[in-house]
Amino acid sequence: MDIKELRRENELVDLFCSMAEIPSPSLGEEKVIDWICDYCNRNNLKYELDDYKNIYITIPATDDNKEPVLLSAHMDVIGDDSPVVTYLDGDLIKAQGRTLGADDKAGVANALFFAKDLVKRNDLKHGGLEIHFTRDEENGMTGIKHTDFSKINSKYVLVLDSDALGQCLTSGASYVMIDLRVKAYKGGHSGNDIGDPSRENAAKLIADLVSDLPQGVYYSENGQVVTSCNIGGIISGDVNVTNIINTEARATYSLRSSNKAKENDLIKMMQEIVEGFNEDYKGIAEAEITFTEKMPMFEKNEDEYLPILFETVAKKIGIEPEISSFHAGAETHIYANKHNAKGEKFSPYLLGLATVCNMHSDKEYVDYKTMIKGQELLKELFEAYNK
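Residues numbered from 1 in each chain as written. Predicted model: local features only at pLDDT ≥ 70, side-chain atom pairs only at ≥ 80, totals over all residues. Heavy atoms only, no water.

Observations regarding the sheet that holds strand E12 (residues 224-235)
Selection rule: For two strands to count as paired, DSSP must find a minimum of two bridges between them. Secondary structure counts use DSSP, requiring at least four H or I residues in a row for a helix and at least two E residues in a row for a strand, with both numbered from the N terminus. Here the axes come from fitting lines to C-alpha atoms, over the contacting stretch only for helices, and the angles between their N-to-C directions go from 0 to 180 degrees. Contacts between residues were defined by any pair of non-hydrogen atoms, one from each residue, lying within 4.5 Å.
On the basis of which strands lie adjacent, the open sheet formed by five strands has the order E11-E12-E14-E9-E15 and antiparallel pairing. Looking along the sheet, the strands with just one partner apiece sit at the ends: strand E11 (216-221) and strand E15 (285-295). Pairwise comparison of adjacent strand axes, ignoring direction, gives a mean angle of 15° for this sheet. Examined bridge by bridge, E12 and strand E14 (residues 248-257) share eight bridges and lie antiparallel to one another. From the neighbouring strand, glycine 233 faces E14, where its bridge partner is threonine 252. Together, strand E9 (175-184), E11, E12, E14 and E15 form the strand contacts of helix H7 (residues 260-280), whose direction differs from that of E15 by roughly 165°.

Here it is as structure tokens:
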């Protein structure tokens, strides 16, 4: 079977390939936005765009006593605006010589296909479905940051952006940028001034300081990393100039944590190490450390309803569920720190409705059978949610 035959046989696969073949790099999503709007018009799906061209789709409730649920996915992909040609390799859909964009067009396709079917159904009483498609998740998350959350009534958010069928990720790590700077008060010539005890080389000082600071896993739980710290790089002086006593040095770190208390503990430890350094080198040099949050924490909440429901439904249809946390970032982090139109804090979860491998590379592929199974999982989950 080739890709054309598969697309004729399966509407979901055809929907996915149609969108995958529309280049949509971050902040260059206009063509896929137009395509989705046209799809909504052709299938009687009510939608609107905000000022940033994020898309909101709403299917009204057929039972006002039930609560709505939100599906969320992003429209941009890693890559440029060069042509995308899909082809089939066994059960795998790939793109010729470039990224496929299954991250996250597999999520967009599953949400759109589900909405198209739901709007035609008259056999299911439900609390309504909301869908939100965002721009620029891969680059700066500006789409979700420009989202008008007052347009969203759902409490539960299913972010369809995980990379393995059956995943339900209930928490995710923050991303904190750490900037460490060391300034020596006196520089000089390595020949003339090397014997002066009031002069210290900033390159050596920061190396000593970095050796005292934590690196790697700070805290783990049940075999999963919860809090970690990683050095990005060190800069001081010029490797081609060795006769200068350097006065400035800098190192950068990333701190990730899905537990606020552990994050605070690690920050406090690093601050105390720097304070100790400043005591030791008082009058000779000074270090400064700053912490800047780049991604808020997606901290696990106490509401276990959706993960338990997901696990039950997945097992029912023969999918092995994975309920866990992840040590990276996604739009769940933004939802987790926002409120809906009713003033309720969102309860977001990162779901896998397809298995996508080698993301962000020219070897990326999606197993189309897992995408079809993911649609079955989504339907069963929505029905169970509305019982």
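Quick look at the nonpolar core
Applicable threshold: By nonpolar core we mean a set of buried residues, namely Ala, Val, Leu, Ile, Met, Phe, Trp, Tyr and Cys, connected to one another through side-chain atoms within 4.5 Å. Exposure is judged per residue with a 1.4 Å probe applied to protein chains only, and the accessible area is read against the type maximum: over 50% gives exposed, under 20% gives buried, and values in between give partly exposed.
With 68 residues, the main nonpolar core has Phe16, Ile36, Ile93, Leu112, Leu129 and Phe133 as its most contacted residues. In this structure leucine 112 touches Leu15, Met19, Trp35, Ile36, Tyr39, Cys40, Leu45, Ile57 and Phe133, once residues within four positions along its chain are discounted. Judged by nonpolar contacts, the second largest core, of 24 residues, contains Val176, Leu180, Leu213 and Tyr253.

Details of the packing of aromatic side chains
Selection rule: For this analysis, a ring pair means two rings from Phe, Tyr or Trp (six-membered ring only for Trp) whose centres lie within 6.5 Å, classed as stacked if their planes differ by under 30 degrees, edge-to-face if by over 60, and tilted for the remaining angles.
Enumeration over the complete set of coordinates arrives at 10 aromatic pairs. Aromatic side chains tyrosine 156 and tyrosine 305 sit 5.9 Å apart centroid to centroid with 50° between the ring planes, which places their arrangement in the tilted category. Remark: tyrosine 305 occurs in helix H8 (residues 305-316) and tyrosine 156 occurs in strand E7 (residues 156-159); sequence separation between them is 149 residues. On the basis of relative accessibility, which here comes to 35%, the residue tyrosine 305 falls in the partly exposed class. An aromatic cluster of at least three residues, connected via ring pairs, comprises Phe149, Tyr335 and Phe346.

Details of the environment of aspartate 38
Among the secondary structure elements, aspartate 38 is positioned in helix H3 (residues 30-42). Aspartate 38 sits in the partly exposed class, given a relative accessible area of 38%. For the pair aspartate 38 and leucine 100, spaced 62 residues apart in the sequence, the C-alpha separation amounts to 22 Å.

What about the pairing of strand E3 (residues 69-74)?
Most of E3 is tucked away, with six of its six residues classed as buried. Across six bridges, the pairing between E3 and strand E6 (residues 129-134) is parallel. Note that in E6 the partner of alanine 73 across the bridge is phenylalanine 133. Two elements, E3 and E7, share three bridges in a ladder whose sense is parallel. Within E7, the position partnered with leucine 71 by the bridge is leucine 158.

The analysis is restricted to geometry; functional conclusions fall outside its scope.
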